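The chain contents come next:
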Amino acid sequence: SQDVTNYLEDLVGKLEDADALAGRPTWFMHPHTRRWFHKFKDSTGRPLFFESTAAPASTTVPGRSTTFYGYPFQTSTQLVGNNAASDLIYADVDAILIGQWGGLTVEVDKSLGFKKGTTWLKASMEVDVGVEHGQSVAFATSLDTTSAVL
């Protein structure tokens, strides 16, 4: 677990060295990666890298951790999360920009569900995502989650 701790500390250090920890640093990982990190335990059997904080009950799953290595985290299946090559992102979310092009388009189609008496709705929006300060994001790609060390 010392190798894993050093690896995580290096990712935090990338933002720290670039003075990019002023906003809201957050971890992003695939659910598989979260489960892998959750297997590391201290001498009392508690998860080594996760902790629960006093967060509103409506925003947390009972019994689930709310921080990873001292910072909030999010999981998404949009990230790579297989055994041999998982992604881990550590980023200041205040430096992430979302640009919206136009508005929300909603289309209604009553013909597709006519026999069942249903109406189909399709909503779409064009957006871009960018980073205001490139040093505000640290990537760990191809994280090998097949072993207990990196």
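These figures come from a predicted structure and were not determined experimentally.

Enquirer: Could you give me a rundown of the overall build of the protein chain, with the residues and numbers involved?
Expert: Per the secondary structure count, the protein chain includes two helices and eight strands. Order of helices (α) and strands (β) in the protein chain, N terminus to C terminus: α-β-α-β-β-β-β-β-β-β. Across the 150 residues in the protein chain, those meeting the buried criterion constitute 29%. Sequence separation of 24 or more characterises 72% of the internal contacts of the protein chain that already satisfy a separation of 6 or more. Counting only carbon and sulfur atoms, one obtains 53% of the accessible surface of the protein chain, whose full area is about 9,800 Å².

Enquirer: Go over the packing of aromatic side chains, please, and point to the residues and values.
Expert: All chains considered together, the criterion is met by twelve aromatic pairs. Aromatic pair F40 and F49: ring centres 5.8 Å apart, planes at 70 degrees, arrangement edge-to-face. Here F40 and F49 have matching classes, each one buried. Ring geometry for Y71 and Y90: centres 5.4 Å apart, planes at 65 degrees, overall edge-to-face. In this pair, Y71 is assigned in strand β4 (residues 71-75) and Y90 in strand β5 (residues 86-92), connecting sequence segments 19 residues apart.

Enquirer: Please give an account of a nonpolar patch on the surface that cites residues and values.
Expert: Where nonpolar side chains cluster on the molecular surface, the patch consists of I98, L104, V106, V108, L121, M125, V127 and V129 and spans about 820 Å² of accessible area. Only β6 (96-109) and β7 (120-131) provide two or more residues apiece to the nonpolar patch. With respect to the helices and strands, V129 occurs in strand β7.

Enquirer: Lay out unusual backbone geometry in plain terms, naming residues and giving numbers.
Expert: Notably, D19 is not glycine yet its phi reads approximately 55 degrees, a positive angle. Secondary-structure assignment places D19 in the loop between α1 (2-17) and β1 (25-29). Judged by its relative accessible area of 69%, D19 falls in the exposed class. Residues other than glycine seldom take positive phi values, yet Y69 does so here, at roughly 50 degrees.

Cut-offs used in this document
- Residues numbered from 1 in each chain as written.
- Predicted model: local features only at pLDDT ≥ 70, side-chain atom pairs only at ≥ 80, totals over all residues.
- Heavy atoms only, no water.
- Helix = DSSP H or I, 4+ residues; strand = E, 2+ residues; numbered from the N terminus.
- Buried < 20%, exposed > 50% of the residue type's maximum accessible area, 1.4 Å probe, protein only.
- Contact = heavy atoms within 4.5 Å.
- Areas by Shrake-Rupley, 256 points an atom, 1.4 Å probe, with all protein chains shown as cover.
- Phe/Tyr/Trp six-rings, centres within 6.5 Å; stacked < 30°, edge-to-face > 60°.
- Patch = residues over 30% accessible without salt bridge, like charges linked within 9 Å, V, L, I, M, F, W, Y side chains within 5 Å.
- Salt bridge = Lys/Arg side-chain N within 4 Å of Asp/Glu carboxyl O.

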